[in-house]
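The primary structure of each chain is shown beneath.
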Amino acid sequence: MRQIVNGESITLGTCYYPEHWDRALWAEDLDRMLEAGIEVIRIAEFAWSKIEPREGEYTYDFYDAFLDLALEKGMKVIFCTPTATPPAWLTEEYPEVLNADKEGHLYRHGTRRHYNYNSPIYQEFCRNIVERSASHYGKHPAIIGWQLDNEFNCEKDQFYSESDTVAFRRFLKEKYKTVEGLNEAWGTVFWNQTYTAWSEVHLPGKTNTGTVNPHQMLDYYRFISDSVCRFADMQAQIIRKYCKAGDFITTNGIFANIDYQRMNRESLDFMTYDSYPDFAYALWDYRENDLMKDRRWSRNLAEVRAMSPLFGIMEQQSGANGWTDRMEAPTPRPGQMTLWALQSIAHGADFVSFFRWRTATMGTEIYWHGILDYSGRENRRLRELRTLALKVQRLQETAGSRYVEKVGILKDYDNIWDAQLDRWHGRVEEVSQDSLFTALQLAHVPFDYVYFTEEITSEALSRYEVLFYPHAVILTKERMNLLEQYVACGGRLVMGCRTGYKDLGGRCVMEHLPGLAAKLTGTDVVEYSFVAPDDGRVMADWDGTLMEAAVFNDLLEPLGAENDEEAGAAPRVLARYASSYYKGTPALIRNHYGRGEAYYFGGAFALDTARVFLQKLGIGEPYGDLLRIPEGCELAVRRKGNHTYFFLLNYQKEMAQIEIRQPMRDLLEGGTVQGPRTLEPYGVCVLGADI
Ligand code: GLA
């Protein structure tokens, strides 16, 4: 059996870099980790030169010494392949292994992830070092699993090397067989882009308008994902030949342009995620009035859960963060390190490994703090880790429990990638995804992301009371069939504007919109427009409740007889636009289909709108009769057999008042609790009940 992420235990770990420290520190470091409750370390992900200092010269002396010590101390180890950082001798001798920018300039040695996945020479070097390491360490008793590379597609998620051009042509040839097929799919008759030979086809590089053929771009994202998945699988297959039964293979994410469901299915035992919630205070997500901040990382955790039902956290924030020249996040406040670790566990992680043990004293990441500062002296964060380790012991019984969801948000990579290249799609998606997540969080409705993968069945969909598929711009017959079955069997589906106007290649369809979704939603989109800036917030009126139809408006008509009481099942207008020249036009239609209902809303879902939907569909506060929870706290629910666990997480600087409305076990404090209860700033409470 796997030693961690096995559905049976919750384990703490840390990331350690023996190559960064004097050997004299190793033993004491390991002792102090073990004493603090760390049972697993991850090592060697950037250490190629320690193993192959010169081409073809392999030595394992360094890691042999360290791993033997780890074994002696009883520390378990995740060993990594070092392919994220090719050595200088390699990139100097074989510059073709480097990634390039759109203009073809090579990214030089000096940081990391500067290689490309498709260079045959790089693949050869990687095969060799993975084969050597796996055969040398495959049976080492201290090793419990392997990490592939480090953060595929971090830093750069686009590739423009010569090898990528060659591989892109191969990928397209496999897909379209002939140049004519490619011309048809990419609509190259537009602007005279017609190709006559494969050699004329290039990566979507620099153009005079800065834009490229959108169908080419969509295929380019698919190609990148395909390249990463193949590269990962090449390594995984080698490791599997040598590793012990029960040792696992994982990688850490999550980054753009990767179909992680495919990677997980083909090559991994489970995914791990690198969680740095404090970026909420420093990076793209920071807004004064942002209701979610670090709580937004629960969205990423829901994403990992969708990729890999069992998962771990390979890097969990434990200190202030920053590179010397960018990205800054403050030191976690007292309690926040625990809050974020328990946020991960609440969402299903059963391995949480802190990044990193001691902060680096050299290099780009001298400000990327770990548990310890440079000196390694005892500090507040280490003390907090010890307390956390005790809490985790008290949560062991929750291991293997499943996150309980009420609502699903449907996703697929075709639409994710289309939204990256198409602004009209991207803007609606961004607003709706953020609003739905926030509204569900505020109303304490646990949800899942549900991906349309090859394996998904209508049965899998049927466990969700409500499914949102906010802007399925690209629709396929197969996906619609599943949705029709889901609704026919009693499900409720909500779709938003811009549904169904593209095919899988990203070409617009000529059917009346919403295309393939017309029948299920009973909706006809007769006209549409971007919300004009001088129209302000266009509102829709749903039985006297006003809600914004944000960003884009589809002007709707019900298909067939409207409001015909006799017909009963006919599509019904529930809301109409309340402003702009289309005031009075239907904005929301509900169609009964089989035993269920499909809703078509003409706008993107603003936050107020998402909240109205939850309320009108009767899905807010599903645990309201058991728990009263303020909006500033998250509720995550996990279940195993007839045991239900409620994780209540307070992300605020202030105390939070909760009310427990029936006797429950307090897993962290012990005893049975009921009635009013105070949660400390950043405090967490885990309650158990046999329901
Ligand atoms: C990622 C990497 C780590 C570290 C941090 C900080 O999460 O996996 O190696 O570099 O970023 O940049």
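By convention here, each chain's residues receive numbers from 1 onward along its written sequence. Confidence filtering applies because this is a predicted model: local features only for residues at pLDDT of at least 70, side-chain atom pairs given and counted only at 80 or more, and all residues used for totals across whole chains, interfaces and linings. By convention in this description, side-chain values take in all heavy atoms of the structure and omit both hydrogens and water.

This part takes up the site of the ligand. For each residue, the test is whether any non-hydrogen atom lies within 4 Å of the molecule or strand; if one does, the residue is near. Taken together, F46, R112, N150, E151, D274, Y276, E315, W323, F355, E365 and W368 form the complete shell of residues around the ligand. Any N or O atom pair separated by 3.5 Å or less is treated as a polar contact, with the protein-specific requirement of one donor-capable and one acceptor-capable atom, and with residues adjacent in sequence counted only for side-chain atom pairs. A distance of 2.7 Å separates an oxygen atom of the ligand from a polar side-chain atom of W323. Reported accessibility uses the Shrake-Rupley method at a 1.4 Å probe radius. Residues are deemed covered only where the shown protein chains occlude them. Protein burial of the ligand: of its 300 Å² of free accessible surface, 96% is covered by the chains. Taken together, the residues of the shell around the ligand sort by class into five nonpolar, one polar and five charged. All residues other than Ala, Val, Leu, Ile, Met, Phe, Trp, Tyr, Cys, Pro, Asp, Glu, Lys and Arg, Gly among them, are scored as polar; the first ten of these are nonpolar and the last four charged.

Moving on to the environment of L106. Comment: elements are numbered from the N terminus, with helices defined as DSSP H or I runs of at least four residues and strands as E runs of at least two. With respect to the helices, strands and loops of the structure, L106 is situated in the loop between helix 4 (88-93) and helix 5 (120-137). In this structure the C-alpha to C-alpha distance between L106 and Y160, which are 54 residues apart in sequence, comes to 8.9 Å. Should any heavy atoms of two residues lie within 4.5 Å, those residues are counted as being in contact. Those residues in contact with L106 that lie beyond four places of it in its chain are P95, L98, N99 and A100.

This paragraph deals with the packing of aromatic side chains. Working definition: a ring pair exists when centres of Phe, Tyr or Trp rings (six-membered ring for Trp) sit within 6.5 Å. Plane angles under 30 degrees give stacked, over 60 give edge-to-face, the rest tilted. The tally for this structure, following the rule as stated, stands at 51 aromatic pairs. The interplanar angle of 55° and the centroid separation of 5.2 Å between the aromatic rings of Y94 and F125 together place this pair among those described as tilted. Pair noted here: Y94 is in the loop between helix 4 and helix 5 and F125 is in helix 5, with a separation of 31 residues, a long-range link. Partly exposed residues are those whose accessible area sits between 20% and 50% of the maximum for their type, while under 20% is buried and over 50% is exposed, using a 1.4 Å probe and protein chains only. F125 gets classed as buried once you look at its relative accessible area, which sits at 8%. An aromatic cluster is built from Y16, W26, Y60, F62, Y63, F66, F79, Y137 and W146, whose rings are joined through pairwise contacts. In this scheme, Lys NZ or Arg CZ marks a charge over a ring once it lies within 6 Å of the ring centre and within 35 degrees of the ring normal. Over the aromatic face of F62 sits the side chain of K50, whose NZ or CZ is 4.7 Å from the ring centroid.

Our next topic: the sheet that holds strand 14 (residues 447-451). Across a sheet, paired strands are connected by hydrogen bonds in the backbone, their directions being either parallel or antiparallel. Spatial ordering of the open sheet is given by 14-13-15-16-23-22-21-18-19-24, a layout of 10 strands whose pairing is mixed. Edge positions in the open sheet fall to strand 14 and strand 24 (604-605), since each of these has one partner strand only. If DSSP finds at least two bridges between two strands, the strands pair. Sheet topology note: the strand 13 (residues 407-411)/strand 15 (residues 466-469) ladder contains three bridges and is parallel. Opposite G408, over in strand 15, you have L467 as the bridge partner. Only C-alpha atoms enter the line fits that serve as axes; for helices the fit covers just the stretch in contact. Angles between N-to-C directions range over 0 to 180 degrees. Against the sheet, helix 10 (residues 297-307) engages strand 13 and strand 14, with an angle of about 45° to strand 14. Against the sheet, helix 16 (residues 477-488) makes contact with strand 13, strand 15, strand 16 (492-495), strand 22 (586-593) and strand 23 (596-601), and its axis sits at roughly 135° relative to strand 16, the strand it touches most.

Among the seven residues of strand 11 (residues 349-355), seven are classified as buried, and the element is accordingly described as predominantly covered. With four bridges connecting them, strand 1 (residues 11-15) and strand 11 associate as parallel partners. The partner of T11 across the bridge, within strand 11, is F351. Summarising the sheet, strand 8 (residues 311-317) and strand 11 pair through four bridges and their orientation is parallel. The partner of Q317 across the bridge, within strand 11, is F355.

Let's shift gears to unusual backbone geometry. Backbone torsion omega between G253 and I254 reads 10°, so that peptide bond is classified as cis. Residue position: I254 is located in the loop between strand 6 (252-253) and helix 9 (260-267). In this structure, the amide linkage connecting L513 to the following residue, P514, adopts the cis form with an omega of 10°. Tracing the backbone through its elements, the reader meets P514 in the loop between strand 16 and helix 17 (518-521). Unusually for a residue other than glycine, D543 sits at a positive phi of about 50°. As for its position among the elements, D543 is in the loop between strand 18 (539-542) and strand 19 (545-550). A residue is classified by how much of its surface remains accessible, and D543, at 66% relative accessible area, is exposed.

For every domain, the bounds stem from an assignment made automatically or drawn from a database. Partitioning the protein chain into structural domains gives domain 1 (407-616) and domain 2 (627-689). Using only C-alpha atoms to locate each centre, domain 1 and domain 2 end up separated by 34 Å. Of the residues lining the interface, five residues belong to domain 1; the matching set on domain 2 comes to seven residues. At the boundary of domain 1 with domain 2, total buried surface from both sides reaches about 540 Å², with 50% on carbon and sulfur atoms. For this analysis, a salt bridge means a side-chain nitrogen from Lys or Arg found within 4 Å of a carboxyl oxygen belonging to Asp or Glu. Where domain 1 touches domain 2, the interface holds one salt bridge. Between R611 and E631 there is a salt bridge whose closest N-O contact spans 2.3 Å. Here domain 1 and domain 2 share four residue pairs in polar contact (both at pLDDT 80 or more) between them. Among the residues making up the side of domain 1 that touches domain 2, the classes are represented as two nonpolar, two polar and one charged. What counts as buried area is the accessible surface, traced by a 1.4 Å probe, that two parts surrender upon association, with contributions from both included.

Here the focus is the packing of helix 13 (residues 413-421) against helix 14 (residues 423-442). The interhelical angle for the contact between helix 13 and helix 14, taken along N-to-C directions, is 115°, at an axis separation of 6 Å. Judged by the angle between their axes, helix 13 and helix 14 are roughly perpendicular. Of the two elements, helix 13 crosses helix 14, and the hand of that crossing is left-handed. Within the contact between the two elements, helix 13 uses N415, D418, A419 and L421 and helix 14 uses R423, H425, G426 and E429. Each angle is binned into one of four classes, with values under 35 degrees roughly parallel, values over 145 roughly antiparallel, values of 65 to 115 roughly perpendicular, and all other values oblique. Should the near helix be turned anticlockwise from the far one by less than a right angle, the crossing is termed left-handed; should it be turned clockwise, right-handed.

Like charges within 9 Å and nonpolar side chains (Val, Leu, Ile, Met, Phe, Trp, Tyr) within 5 Å are joined into patches, using only residues over 30% in relative accessible area that form no salt bridge. Where nonpolar side chains cluster on the molecular surface, the patch consists of V189, F190 and W191 and spans about 430 Å² of accessible area. Tracing the backbone through its elements, the reader meets W191 in the loop between helix 7 (179-186) and helix 8 (214-242).

Attention now goes to the sheet that holds strand 4 (residues 143-147). Here we have nine strands laid out as an open sheet, ordered 5-4-3-2-1-11-8-7-6, and parallel in their pairing. Of all the strands in the sheet, just strand 5 (248-250) and strand 6 have a single pairing partner and so form its edges. Contacts from helix 10 reach strand 7 (271-275) and strand 8 within the one sheet, and its direction differs from that of strand 7 by about 170°.

Quick look at the confidence of the model for the protein chain now. Averaged over every residue, the pLDDT of the protein chain is 96; the share at 70 or more is 98%. Considering each helix and strand of the protein chain separately, the mean pLDDT is smallest for strand 10 (residues 328-329), with a value of 87, and largest for strand 3 (residues 76-80), with 99. The pLDDT value tells you how sure the predictor is about a given residue, anywhere from 0 up to 100.

As a further point, take the environment of P214. As for its placement among the helices and strands, P214 is situated in helix 8. For P214, a relative accessible area of 40% gives the class partly exposed. Between the alpha carbons of P214 and P204 there is a distance of 9.4 Å; along the sequence they are 10 residues apart.

Below, the discussion takes up the pattern of salt bridges. A pair can form between side chains of opposite charge whenever their charged atoms are brought close. Throughout the structure, instances matching the rule amount to 45 salt bridges. A salt bridge links R296 to D290, with the shortest nitrogen-to-oxygen separation between them at 2.7 Å. Here R677 and D666 are joined by a salt bridge, their closest N and O atoms 2.7 Å apart. Here D666 lies in strand 28 (residues 656-666) and R677 lies in strand 29 (residues 672-679), a separation of 11 residues in the sequence. Its relative accessible area of 18% is what places R677 among the buried residues.

What follows deals with the environment of R112. Within the secondary structure, R112 is located in the loop between helix 4 and helix 5. Remark: the alpha-carbon pair of R112 and E155, spanning 43 residues in sequence, is separated by 8.2 Å. A polar atom in the side chain of R112 sits 3.1 Å from the side chain of E155.

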